[in-house]
Amino acid sequence: MMNPPIILRIALPVPLRKVFDYLPINAAPITIGARVLVPFGNRRLVGILIEIADHSNVPANKLKSILNVLDKTSIFTEHTLSLCQWASQYYHHPIGEVFAAAMPALLRQGKTLTSNDEFLPKNITPKLTLNSEQQPALDKINQAQGFCPFLLEGITGSGKTEVYLQAIDKLMQQEQQALVLVPEISLTPQTVSRFTARFNVPIAVLHSNLNDKERAEAWYQAQQGIARIVIGTRSAVFTPMPRLKLIIVDEEHDSSFKQQDGFRYSARDLALKRAQLEQCPIVLGTATPSFESLHNMQLGRYQHIMLNIRAGGAQLPTFDIIDIRKQKLKQGLSFSLLQKMQYHLDKGQQVLLFLNRRGFSPTLICHDCGWVAECTQCDARLTYHKKKNILHCHHCEQQTRVPTQCLSCGSTDLLPLGQGTQRIEALLQEHFPQYKTVRIDRDSTRGKNKLHQLLDEVQNDQHQILVGTQMLAKGHHFPRVTLVAILDADQGLLSADFRALERLGQLIMQVAGRAGRASLPGTVAIQTHHPQHPLLLQLINQGYHAFAKDALNERAIAGLPPYCFMALVRAESMVENDPIIFLQQARELITEREGVMILGPIPAPMQRKQGHYRAHLLLQAKSRTSLQQLIAQWVTQLDSFALKGVRWSLDIDPHSLG
Ligand code: ADP
Ligand code: ZN
Ligand code: ZN
């Protein structure tokens, strides 16, 4: 009798929702999770063996043999292999592309890994004596057995990091490993050195400045169990670690944990899945929990730990709402704010102004006829950058010179309308000539180390006034800043996006956390036309937690996430109506089931971007399972169904409906 054939099921980095069958080359044993080189059309691809089977639906004469086995053993651990497979199912993303996203580039290219980094023992800084809130928090984490998620909600400066460090310290004494995920922006040398200074063990840091070789080495060290602590951004969640016993997700609310294109996963959510697979505790730490995490906590899925006092002894900032209704504004700044600034500056302190809009003005308008400069590729206005004298589209990056005349009537009277950070910077330089103003946004920090250079200058008091975007809201400590101002809270209060209020609340508290960290108490001034907004008042009077509870209630009433689950299908094409036609046909493929709402198709909020017309179809369900089941069936149908020139993608648990 003939032996049954040996079929190798291989995940290949191609955008197809399937695995591929191949024959082995010889009798050499091959392990699940090892890389193999295979012929694919007229290409050679590196894939991952994920199953060994004894039959194939591919006719025997069509089956090809693999070319080479690249690894003797699995390059993943059992649990990271499972994590990738789970993620592929949950996000309905091709398994081969998931594996590709999980590996460093050199491994994708089929290179063999080694590491010759020697670890030199060093002196370490001693741990701090925990305060009466930190100690019980640490005890709870240390006592956790198996899968056990914690939401560590601690105001900025309450010493969350110290709790992480000591929880990790315990594992280091037991020869185990810990994984720390941080948002992109906060993987600064300061953060890293807080970890490296504390432990006498090899630490792998996976940040975006690593070259391919360094990245692969860090990965390899973790996989070999040499690196005992891995600190990294989003994709570090996939790092294989054979003795992983604790996962930390710092700033768990941060939106950079969600990948916004291609394989659109949430690293925070995958970290939770990973902790469940590894059967280890996971700590989600933040001063401003995401509404999802608060909801999970309310459902009893997470243990809640609160830290309410500032560990370093710094005082909490006070809030001050500036009612700008009917007020005369100077480039968006009220007289009252300018006065406050003067007061703080004259005392030798620093001031931070926050505005989430870079450039000089978001609009350039013709004073004679009302013509507005718009992007030719997007349904968007062009931002005026005065310094470079260009008009810049912040959606497709298109740049043009500023026209000298209106393109509609020929008038030369073109006016900048509205304020961006550059314009505020210019105003402040004029208004406070005796003080130095520095602008910190994406434009002013291009180039390696530019951001750190500017931040150092701020530390050294070379600048007294800081104007900046999002970038200033996270991670950095500005001990000399005693006044923080949010110039435009109305953007967040009035936005149509249902997450805008959550983001505004997080932003205000995060920005507030920058101030008064040292012995100088801080003030947070918020300019708004809605000084009576109940949730804004709740936020500043009762704090983030109370605010979030009320805002969550509004979500519950509206039936919005986290009280429902969403999936968004985006389609785009060069032909205006095709995305809608495609999504309409796609919608007709769905056998509707109870509890799943299908909304659309509708044009995307910005219908045209980079020359492509875009449309959305939104699926919304009370039950995650029914949504998942429906999509699983539907995508296989959708795959075999196409409209020429239309590309589509699926976003599970979308963060933005844009
Ligand atoms: P968080 O991560 O919550 O923002 P950090 O861990 O950065 O807070 O702590 C804020 C400051 O307080 C840091 O300067 C830190 O060194 C200090 N700190 C933390 N815990 C203690 C402690 N138990 N005793 C004294 N200082 C502490
Ligand atoms: Zn005109
Ligand atoms: Zn554009």
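Residues numbered from 1 in each chain as written. Chains lettered and ligands numbered in written order. Predicted model: local features only at pLDDT ≥ 70, side-chain atom pairs only at ≥ 80, totals over all residues. Heavy atoms only, no water.

Moving on: the packing of aromatic side chains. One pass over the full model with this rule turns up 14 aromatic pairs. An angle of 90° between the planes, with centres 4.9 Å apart, marks the rings of Tyr90 and Tyr91 as edge-to-face. Of the two residues examined, Tyr90 and Tyr91, each falls in the buried class. Among the aromatic side chains, those forming a connected cluster through ring pairs are Trp86, Tyr90, Tyr91, Phe238, Phe263 and Tyr265. (Phe/Tyr/Trp six-rings, centres within 6.5 Å; stacked < 30°, edge-to-face > 60°. Buried < 20%, exposed > 50% of the residue type's maximum accessible area, 1.4 Å probe, protein only.)

Protein coordination at the zinc ion (ligand 2): the donors are Cys366 (SG), Cys369 (SG), Cys406 (SG) and Cys409 (SG), at 2.2 to 2.4 Å from the metal. One can describe the donor arrangement at the zinc ion (ligand 2) as tetrahedral, given that its four donor atoms subtend angles of 106 to 112° at the metal. In the primary structure, the donors to the zinc ion (ligand 2) are separated according to the pattern C-x2-C-x36-C-x2-C. Placement of Cys369 in the loop between β17 (363-366) and β18 (383-385) and of Cys406 in the loop between β20 (399-401) and β21 (414-417) is noted, with a sequence separation of 37 residues between them. (Donors = N, O, S within 2.8 Å, 3.2 Å for Na, K, Ca; no water. Tetrahedral: all angles 85-135°; square planar, octahedral: opposite > 155°, others 65-115°. Helix = DSSP H or I, 4+ residues; strand = E, 2+ residues; numbered from the N terminus.)

With that settled, consider the sheet that holds strand β1 (residues 7-11). Read from one edge to the other, the open sheet built from five strands follows the order β2-β1-β4-β3-β5, with strand pairing classed as antiparallel. If you trace the sheet from one side to the other, it starts and ends with β2 (20-22) and β5 (68-69), each paired once. Pairing between β1 and β2: three bridges, direction antiparallel. The residue bridging Arg9 from the neighbouring strand is Asp21, located in β2. (Pairing = 2+ DSSP bridges.)

In this structure, Phe76, Phe99, Phe238, Ile247, Leu352, Leu619 and Ile631 are the most contacted members of the largest nonpolar core, which totals 113 residues. If near-sequence neighbours (up to four positions away) are discounted, Ile631 is found in contact with His92, Ala567, Leu619, Leu650 and Ile652. Listed in part, the 31 residues of the second largest apolar core include Leu130, Phe199, Ile305 and Leu307. (Core = buried A, V, L, I, M, F, W, Y, C linked by side-chain atoms within 4.5 Å. Contact = heavy atoms within 4.5 Å.)

Once that is clear, we can look at the site of ligand 1. In the vicinity of ligand 1 lie 17 residues, with Thr129, Gln134, Lys160, Thr161 and Arg194 positioned nearest. Between ligand 1 and the protein, one listed contact pairs an oxygen atom with a backbone N or O atom of Lys160 at 2.9 Å. Computed on the free molecule, ligand 1 has an accessible area of 560 Å², of which 73% lies beneath the protein chains in the complex. Here the element with the most residues in the shell around ligand 1 is helix α5 (residues 160-172); it accounts for three residues. (Near = heavy atom within 4 Å. Polar contact = N/O pair within 3.5 Å; in protein donor to acceptor, adjacent residues only side chain to side chain. Areas by Shrake-Rupley, 256 points an atom, 1.4 Å probe, with all protein chains shown as cover.)

Before going further, it helps to examine unusual backbone geometry. In this model, Pro561 is joined to Pro562 through a cis peptide bond whose omega is 5°. For Pro562, the position within the fold is in the loop between α16 (544-558) and β26 (565-573). The peptide bond linking Gly600 to Pro601 adopts the cis configuration, its omega dihedral lying at 5°. Inspection of the secondary structure puts Pro601 in strand β27 (residues 596-609). Not every positive phi belongs to a glycine, and Lys326 is a case in point at roughly 65°. Within the fold, Lys326 resides in the loop between β13 (318-323) and β14 (329-330). Positioned with a positive phi, Asp461 is a non-glycine residue whose angle comes to about 65°. Within the secondary structure layout, Asp461 lies in the loop between α12 (450-459) and β23 (465-468). You can call Asp461 partly exposed: its relative accessible area is 26%.

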